[in-house]
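Chains, contacts and geometry: an overview
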Amino acid sequence: MVYFIAIVMGYFVGTNALVNKRMGAMINGQPYSSVWQLMSGLGAFAGWFCILPAAYFVSTAWGNDFWNGLGFCAAALGGSLLSGFFQVPGFNQLLCAGAIVVNVACVVAVYILT
């Protein structure tokens with residue numbers, strides 16, 4: 001269950017990274033939307049700051065095991081790769097807007113589960 005939460009967190013971080021890349025695309029020499037690009041970049045950056053404490057909670061909960069925390073980070077990385085495979089161009093911006101709320105809720109859920 002905890003690793004599924006890691007995949008969900010990684011999916012939202014990857015969605016923010018995709019929106020950041022798409023909004024930075026140049027149209028007539030100007031970025032498509034600099035505000036969306038900035039906010040999605042901050043969301044992707046902040047998402048990893050939600051994943052790392054959750055990985056710490058996982059690694060300390062089961063006998064101070066480093067490998068469980070590393071596996072949690074690997075599952076989050078896999079979730080971010082899944083966001084690239086299952087992307088819907090118009091829907092990614094909507095997911096990007098609520099990503100930080102979902103990631104914070106997932107950190108709380110991991111803390112409660114561990």
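About the thresholds
Going along each chain's sequence as written, the residues are numbered from 1 onward. Totals for whole chains, interfaces and linings use all residues, but because this is a predicted model, local features are given only for residues with pLDDT of at least 70 and pairs of side-chain atoms are given and counted only at 80 or more. Processing note: side-chain calculations cover all non-hydrogen atoms of the structure and skip hydrogens and water entirely. Stacked, tilted and edge-to-face are the three classes assigned to paired rings of Phe, Tyr and Trp, where Trp is represented by its six-membered ring and a pair needs centres within 6.5 Å; plane angles under 30 degrees give stacked, over 60 edge-to-face, the rest tilted. When accessible area is computed with a 1.4 Å probe and restricted to protein chains, residues below 20% of their type maximum are described as buried, those above 50% as exposed, and intermediate ones as partly exposed. With axes taken as lines fitted to C-alpha atoms, and helix axes fitted only over the stretch in contact, angles between N-to-C directions fall between 0 and 180 degrees. Where helices and strands are cited, they refer to DSSP runs of H or I of at least four residues and of E of at least two residues respectively, numbered from the N terminus. In this scheme the crossing of two helices becomes right-handed for a clockwise turn of the near helix relative to the far one and left-handed for an anticlockwise turn of less than a right angle. The contact rule is simple, with two residues in contact once any of their heavy atoms fall within 4.5 Å. In this count, Pro and Cys sit with the nonpolar residues alongside Ala, Val, Leu, Ile, Met, Phe, Trp and Tyr, while Asp, Glu, Lys and Arg are called charged and the others, Gly among them, polar. One fewer than the residue count of a helix, multiplied by 1.5 Å, yields its expected span. Polar contact is defined as a pair of N or O atoms within 3.5 Å, subject to the rule that within protein one atom must be able to donate a hydrogen and the other to accept it, and that residues adjacent in sequence are counted only when both atoms are side-chain atoms. What makes a nonpolar core is a set of buried Ala, Val, Leu, Ile, Met, Phe, Trp, Tyr and Cys residues whose side-chain atoms join them at distances within 4.5 Å. Throughout, a disulfide means two cysteine sulfur atoms within 2.5 Å of one another. Working definition: roughly parallel below 35 degrees, roughly antiparallel above 145 degrees, roughly perpendicular at 65 to 115 degrees, and oblique for all remaining angles.

Glancing now at the packing of aromatic side chains. This structure, assessed with the given rule, holds 5 aromatic pairs. Ring plane angle 55° and centroid distance 6.2 Å describe the contact between Y56 and F57, whose orientation is recorded as tilted. Where F66 meets W67, the ring centres are 5.4 Å apart and the plane angle is 70°; that geometry is what we call edge-to-face. Taking the relative accessible area as the measure of exposure, F66 reaches 54% and is therefore exposed. Put simply, the rings of Y56, F57 and Y111 pair up and form one aromatic cluster.

Contact pair helix α1 (residues 2-23) / helix α4 (residues 89-97): the axes reach a minimum separation of 9 Å and the direction vectors enclose 120°. The two elements α1 and α4 cross, and the hand of that crossing is left-handed. Between α1, through Y11, F12, T15, N16, L18, V19, R22 and M23, and α4, the contact on the second element is made entirely by P89, N92, Q93, L95 and C96. Residue composition of the contact of α1 with α4, by class: 8 nonpolar, 4 polar and 1 charged.

What follows concerns helix α3 (residues 66-85). In this model, α3 (20 residues) spans 29 Å end to end at C-alpha, consistent with the 28 Å of a helix rising 1.5 Å per residue. Each element contacted by the buried residues of α3 is listed here: α1, α2 (34-61) and α5 (99-113). Structurally, the start of α3 carries an N-cap: the backbone nitrogen of W67 is 3.3 Å from a side-chain oxygen of D65.

All right, on to the nonpolar core then. Counting 16 residues, the largest nonpolar core has M9, I51, A54, F72 and V110 as the members making the most contacts within it. Of all elements in the fold, only α1, α2, α3 and α5 reach the threshold of two or more residues within this core. In this structure F72 touches V2, Y3, A6, M9, I51, A54, A55, V58 and V110, once residues within four positions along its chain are discounted.

Here the focus is the state of the cysteines. If you walk through the whole model with that rule in mind, you get 0 disulfides. Left unpaired, C73 is separated from the closest cysteine sulfur, that of C50, by 13 Å. Overall, C73 belongs to the partly exposed group, its relative accessible area being 21%.

For the rest of this paragraph, the subject is the environment of F66. Counting through the fold element by element, F66 comes out in helix α3. Each C-alpha atom of the pair F66 and Y56 lies 8.7 Å from the other, and the pair is 10 residues apart in sequence.

Here the focus is the environment of Q30. Tracing the backbone through its elements, the reader meets Q30 in strand β2 (residues 30-31). In the structure, Q30 is positioned 12 residues away from L42 in sequence and 20 Å away in space, judged by C-alpha atoms.

Interaxial distance between α1 and α2 falls to 8 Å at its minimum, and their mutual angle equals 160°. Considered as vectors, α1 and α2 are oriented roughly antiparallel to each other. Seen along the crossing, α1 lies across α2 with a hand that is left-handed. Side by side, α1 and α2 meet where V2, Y3, M9, G10, V13, N16, A17, V19, N20 and M23 of the first sit next to W36, Q37, S40, G41, G43, A44, G47, W48, C50, I51, A54 and V58 of the second. Classifying every residue of the contact of α1 with α2 gives 14 nonpolar, 8 polar and no charged.

Remember, this is a structural readout, not a statement about activity or role.
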